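# Per-entry structural report
The primary structure of each chain is shown beneath.
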Amino acid sequence: MFESIEEVREKLAGQEYVCDRRLATVVYLAVKLDKPVLIEGPAGVGKTELAKALAAATGRSLIRLQCYEGLDEAKALYEWEYGKQLLYTQVLREKIGEFIGPTKGLREAAAALRDQEDVFFSENFLVERPILQAITSETPPVLLLDEIDRADEEFEAFLLEFLSDYQVSIPEIGTVKAEHPPVVILTSNRTRELSEALKRRCLHLQIDYPSPEVELEIVRLKAPGVGEVLADELVGTIQSIRSLDLRKSPSIGETLDWARSLVVLGAPSLNKDLIEETLSVIVKYDRDAAKVLAHVRGAAESKDLGQKEPTGEKQNEGMYEMHRSTHKHAH
Amino acid sequence: MDTVINDFVQVLRRHGLRVSPAESLDALHALGQVGLGEHGVARDTLRTTLVKNLEDIETFDRLFDVYFSLRPQQERPRAKLDVHDHDHDHGQPTSMEFGEDAGGEAPDSEEHSHEDKENTDFRKYFDEDRMRPSEDIHGEADKMRLSMFSQELILNRNPGALNQALQRITHQLRLRRARNMFNPGDLVTHGQGQELPLDVSAADLQGLLDHLHDMDVDEALIRQLEEQSEEILRGLPQLIEQMVERQKKLEKKKDDSALMRRSLRKVFEFSPAEQRETEAAIRRMARQIHGAKTRRLKQDRTGHISVPHTLRRNVRYDGIPFDPVLRRHHEKRPRIAMLCDVSLSTRNLSRFWLHMVYQMQNLFSKVRTFVFVAEMAEVTQVFEESSMDRAVEQVFSGRVIDADVNSDFGSAAEQFKNRYLPTINHRTTLVVLGDGRNNGKDPNVAAFEEISQHVRQVIWITPEPRWGWSLGSCDMPLYEPLCDRVEVVRTVDQLAGVAEDLVRTRA
């Protein structure tokens, strides 16, 4: 599928997914070693996107299973199709006379029936849920188990067999094993700690908020209407906001939303007022908003003092510079 | 290669990372896939296969740097040399230290400035002409055919040889130092000493090459290494020096300064991040407390009819649903009663506890909160109705109970038993927050025992480490056998630790 780490990077970039070498290495290894990848990180840093991009880049189908509390094997692995089974019973009742007609005696009839017993629990009656689908699929798909931390701990236990051997044991039928293992991607927002057993079976990848360079690239790719100057300022501001101690830091998704809304507003560059007006796009808590406002004002004012005649654009460029430097310090 | 990785895994384990054998096998396979060409890739590969907890990533990065970077950074050697020039005067004491440390004695803990000096000193023993060429090699990194990383792997493969070389050098230097007792700073100017390390290493390098043949490295690699042996030889003194440093760093215990820094004082002003952390920790803990809320559908006598289950059960009646299966969400609500000591001795901590209690009440529906010093009072209402800060203020204002007397667990337990015990039942988890200091009053173990038999489980959270229990009038040793768990919690971190622990011990 991939021949080198560079190729992973290029192909993902072809799907407008910007990634660093670390991420590409992990994806490459996952494909080469047939190992699931567990991606952890805050909300909105492109964990789910990676699965989508990977599926598109390799031309495979994407099977997605959104996890939630109370998700059980009937919804994730397989379920019996009871209606169909019932219907079958009806048909069978009519056929049964015909079927055991030629047999002599009860014993023989029972034996004849016994031979047909597994008719009820065969693949015919099986409704395939995402995981089983991924296993039985002719062309190996990309399977995304989204937000695995939301599912119960019992559910993790179901997954263990699948994750280590790409197989599922169905008591009535036996073991179904994937001929071509799918690429499995699990994501977690870390609302709870996953079990050691699960982690041990996966490659682990931590995605964090991107560096300014990468984020700038993402903005350019995904929000093409944004001008160079604006994109620079935007990313600088977002990066500096992330260094504040917020309840919910703005994610890449929010950066893009912000970029797009600024395009709609037709803003050529950022300024204090504009940030205040559009703040609700990137900050989702009142207390956070107050902090960000104070920060933005502080940055603007300190710049005013430093420059005698601040023109709008220069001031902002200065602000951007400052943000970048604070960001570096944070690292 | 496998020995090196195994050795590295051992180092990781020594520093508290949990790496399973399966994972180190994965790491080997993975390295086989990506090759050893690039330092960064090899690092990412090992990290993704060996490290599964976010908290461990930092440790891993640090150890990886130490373990796999025998090569100096390009800028460093020169800077060090400069230092040496200016610092001519620290003669004897540091040289002594060098000799002792390199001779394999355990390095002590106050080390940073120390190491630097040592570097300077070590460099004194090699003259600059010797050093320049080897530095040039590092300067033209791209000309080297064999990657840094594979060299490091190979050198790591046989630490014995290097150690040996090292010891011999040290030995020689010691002799020399003895001879030059009155003027140890002048060692550099003598001719013989400089040649020494290289002679020793030449023999050992051959040993290394021999070892290579035993390893599952392909022939081409070995040949490359042999071709480069000259270069390696010249670089070896530096390698050895770094080996010493590395060994020291690897042995050094994790410092707990980060933990210490987040001391108690900081806990009172919860930053949003910490608030999130506490919340998460409490959530995790609550999952482990019996009777926590679940969302899974369970079969029950009441609830909705589950069509698939009903059909399945009634296949034997020709699919006529004689026997419907009902399922509903079981909401086993956690019943928690929290007893919080707000006496003077724990005043600072009880603030932290009350925050914790407040959050628990927010998260769970059936939490009852009591505060006590000598008398016991229920404050569930207060916590529900007012904001966190106001509720905490009210508790300390003295309007609820007299908060300024000495704490008396005995009478508090007695009161709780008489007044509130009938209102809680065997499904309740009792959480006691207190230090168990009775100030010499009757511990009233009987009353506490009755309480603990009545409830489902008792978790006692105390700020006092175990060794402190025997001091003063602490009755923890008496209460401990009656509790299902006793945890020492002073900070958010530790609270998270307790939650973590509960998760582990349950399985």
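Overview of the structure. Here, residues in each chain are numbered from 1, in the same order as that chain's written sequence. Working convention: letters from A go to chains and numbers from 1 go to ligands, in the order in which they are written. Local features are withheld for residues below a pLDDT of 70 in this predicted model, meaning they are given only at 70 or higher, and side-chain atom pairs are given and counted only at 80 or more; totals for whole chains, interfaces and linings count all residues. The side-chain quantities take in all heavy atoms of the structure and omit both hydrogens and water.

### Section: the pairing of strand 1 (residues 37–40) of chain A
Residues and elements named next belong to chain A. Burial of strand 1 is two-sided: the residues Val37 and Ile39 facing one way and the residues Leu38 and Glu40 facing the other way are all buried. Bridge count between strand 1 and strand 8 (residues 183–188): four bridges; the pairing is parallel. When the sheet's bridge partners are listed, Val37 is paired in strand 8 with Ile185. Residue exposure (1.4 Å probe, protein chains only): buried if accessible area is under 20% of the type maximum, exposed if over 50%, otherwise partly exposed. In this description a helix means any DSSP run of H or I spanning at least four residues, a strand means any run of E spanning at least two, and both kinds are numbered starting from the N terminus. Paired strands, in this sense, are two strands between which DSSP finds at least two bridges.

### Regarding the environment of Glu378(B)
All names here are of chain B. Examined against the element boundaries, Glu378 turns out to sit in strand 6 (residues 376–378). Given a relative accessible area of 29%, Glu378 falls into the partly exposed group. Residues Glu378 and Arg368, 10 residues apart in the sequence, show an inter-C-alpha distance of 7.5 Å. If near-sequence neighbours (up to four positions away) are discounted, Glu378 is found in contact with Arg368, Thr369, Phe370 and Tyr420. Polar side-chain contacts of Glu378 include one of 2.7 Å to the side chain of Arg368. The criterion used for residue contact is that any of the two residues' heavy atoms lie within 4.5 Å. Counted as a polar contact is a pair of N or O atoms within 3.5 Å, where, for protein atoms, one must be capable of donating a hydrogen and the other of accepting one, and residues adjacent in sequence contribute only when both atoms are in side chains.

### Remarks on the packing of helix 1 (residues 2–14) of chain B against helix 4 (residues 54–68) of chain B
Residue and element names in this part refer to chain B. All axes here are fitted lines through C-alpha atoms, helices being fitted over the stretch that makes contact, and every angle between N-to-C directions spans 0 to 180 degrees. Between helix 1 and helix 4, whose axes approach to 11 Å, the crossing angle comes to 135°. What the angle tells us is that helix 1 and helix 4 run oblique. As for how helix 1 packs across helix 4, the hand of that crossing is right-handed. When helix 1 is examined against helix 4, the residues Val4, Asp7, Phe8, Val11 and Leu12 are found in contact with a partner set consisting of Phe60, Leu63, Phe64, Tyr67 and Phe68. Polarity classes work like this: nonpolar for Ala, Val, Leu, Ile, Met, Phe, Trp, Tyr, Cys and Pro, charged for Asp, Glu, Lys and Arg, and polar for all others, with Gly in that last group. Residues that form the contact of helix 1 with helix 4 fall into these classes: nine nonpolar, no polar and one charged. Just so you know how the angles are binned, under 35 degrees is roughly parallel, over 145 roughly antiparallel, 65 to 115 roughly perpendicular, and the rest oblique. Handedness of a crossing is defined here by the sense of rotation of the near helix relative to the far one, left-handed for an anticlockwise turn of less than a right angle and right-handed for a clockwise turn.

### A short note on unusual backbone geometry
Residues and elements named next belong to chain A. Unusually for a residue other than glycine, Glu16 sits at a positive phi of about 60°. For Glu16, the position within the fold is in the loop between helix 1 (5–14) and helix 2 (21–33). The residue Tyr166 is not glycine, and still its phi comes out positive at about 50°. The residue Tyr166 is located in the loop between helix 8 (153–165) and strand 6 (167–170) in this model. Tyr166 gets classed as buried once you look at its relative accessible area, which sits at 6%.

### Some details on the nonpolar core
We define a nonpolar core as any set of buried Ala, Val, Leu, Ile, Met, Phe, Trp, Tyr and Cys residues linked to one another through side-chain atoms lying within 4.5 Å. If you look at the biggest cluster of nonpolar residues, it comprises 54 residues, and the most contacted ones within it are Leu12(A), Phe8(B), Leu46(B) and Leu50(B). At eight residues, the largest contribution of residues to this core is made by helix 2 of chain A. With near-sequence residues (within four places) excluded, Leu50(B) lies in contact with Phe8(B), Val9(B), Leu12(B), Val19(B), Glu23(B), Ser24(B) and Ala27(B). Core analysis: the next-biggest nonpolar cluster, separate from the first, contains 37 residues, Leu38(A), Leu71(A), Leu145(A) and Phe162(A) among them.

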